[in-house]
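Coordinate inspection notes
Letter by letter, the chains look like this.
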Amino acid sequence: MNNMMACPSCGLDKTESIVHLGSYILRCAACGEAIVATSSMGIFDSDHAFSAFADPGPGKHPAPEMLIARGPLRQISTTTSGAARSGTLIRLIPEPKD
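Worth saying up front: this structure is predicted, and the values here are computed from it rather than measured.

Conventions adopted
- Residues numbered from 1 in each chain as written.
- Predicted model: local features only at pLDDT ≥ 70, side-chain atom pairs only at ≥ 80, totals over all residues.
- Heavy atoms only, no water.
- Pairing = 2+ DSSP bridges.
- Helix = DSSP H or I, 4+ residues; strand = E, 2+ residues; numbered from the N terminus.
- Axes fitted to C-alpha atoms, helices over the stretch in contact; angles between N-to-C directions.
- Contact = heavy atoms within 4.5 Å.
- Core = buried A, V, L, I, M, F, W, Y, C linked by side-chain atoms within 4.5 Å.
- Buried < 20%, exposed > 50% of the residue type's maximum accessible area, 1.4 Å probe, protein only.
- Salt bridge = Lys/Arg side-chain N within 4 Å of Asp/Glu carboxyl O.
- Polar contact = N/O pair within 3.5 Å; in protein donor to acceptor, adjacent residues only side chain to side chain.

Turning next to the sheet that holds strand β4 (residues 49–54). Ordered by their spatial adjacency, six strands build an open sheet running β3-β2-β1-β6-β4-β5, and the pairing between neighbours is antiparallel. Looking at which strands have only one partner, the edges of the open sheet turn out to be β3 (34–39) and β5 (67–72). Between one strand axis and the next, the sheet turns through 25° on average, direction left out of account. Where β4 lies against β5, five bridges are found, and the strand directions are antiparallel. Of the residues in β5, the one forming a bridge with S51 is R70. Against the sheet, helix α1 (residues 73–85) engages β1 (15–20), β4, β5 and β6 (90–94), with an angle of about 155° to β5.

Residues V19, Y24, I43, L73, I90 and L92 are the most contacted members of the largest nonpolar core, which totals 14 residues. Put simply, the parts of the chain that give this core at least two residues each are β2 (23–28), β4, α1 and β6. For this core, the element with the most residues is α1, which contributes four residues.

Our next topic: the pattern of salt bridges. One pass over the structure, following the stated rule, counts seven salt bridges. Between E16 and R27 there is a salt bridge, and its shortest N-O distance comes to 2.7 Å. Of this pair, E16 sits in strand β1 while R27 sits in strand β2, and the two are 11 residues apart along the sequence. Classification of E16 by relative accessible area gives buried; the value is 9%. Where R70 meets E95, a salt bridge forms, and the shortest distance between an N and an O atom there is 3.1 Å. Placement of R70 in strand β5 and of E95 in the segment after β6 is noted, with a sequence separation of 25 residues between them. Members of the salt-bridge network, linked through shared partners, are E16, R27, D55 and R91.

Inspection of the secondary structure assignment puts S17 in strand β1. For S17, a relative accessible area of 14% puts it in the buried group. A polar side-chain atom of S17 sits 3.0 Å from a polar atom in the side chain of Y24. What S17 contacts, discounting residues up to four positions off in sequence, is Y24, I25, L26, I90, R91 and L92.

Geometric values such as these leave the question of function open.
Set out below in C-alpha cells:
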C-alpha cells in the first residue's frame, strides 16, 4: 500500500475492511482509526469472494465461530448487510484466489 492510505493518526499503512450500518470503511489495523468510508452498496455488487466475520477489533483475528457468511459479495450481501444494520461491525477478509 502507498502512503496515500497511511493512517493519519499513527502512520501505519495496513488496513482492514469493515462494514458498519450502511458504510464500507477502511480502518487502520493498529489503532482502529477510520481512514476512508463509502456506501457499502458500492462494494456488494461484486463476485470477489470474502469471509464476513463479526469484528473482534483492530488488528485481532476473528475466531472461526465469528463467521457470518462466506462467498462472493453479491451472494453474501443480504446476510452481511443485515448483520451490519443491526449495529454489528463486520470484518471482510478476502478469500485466497485459486
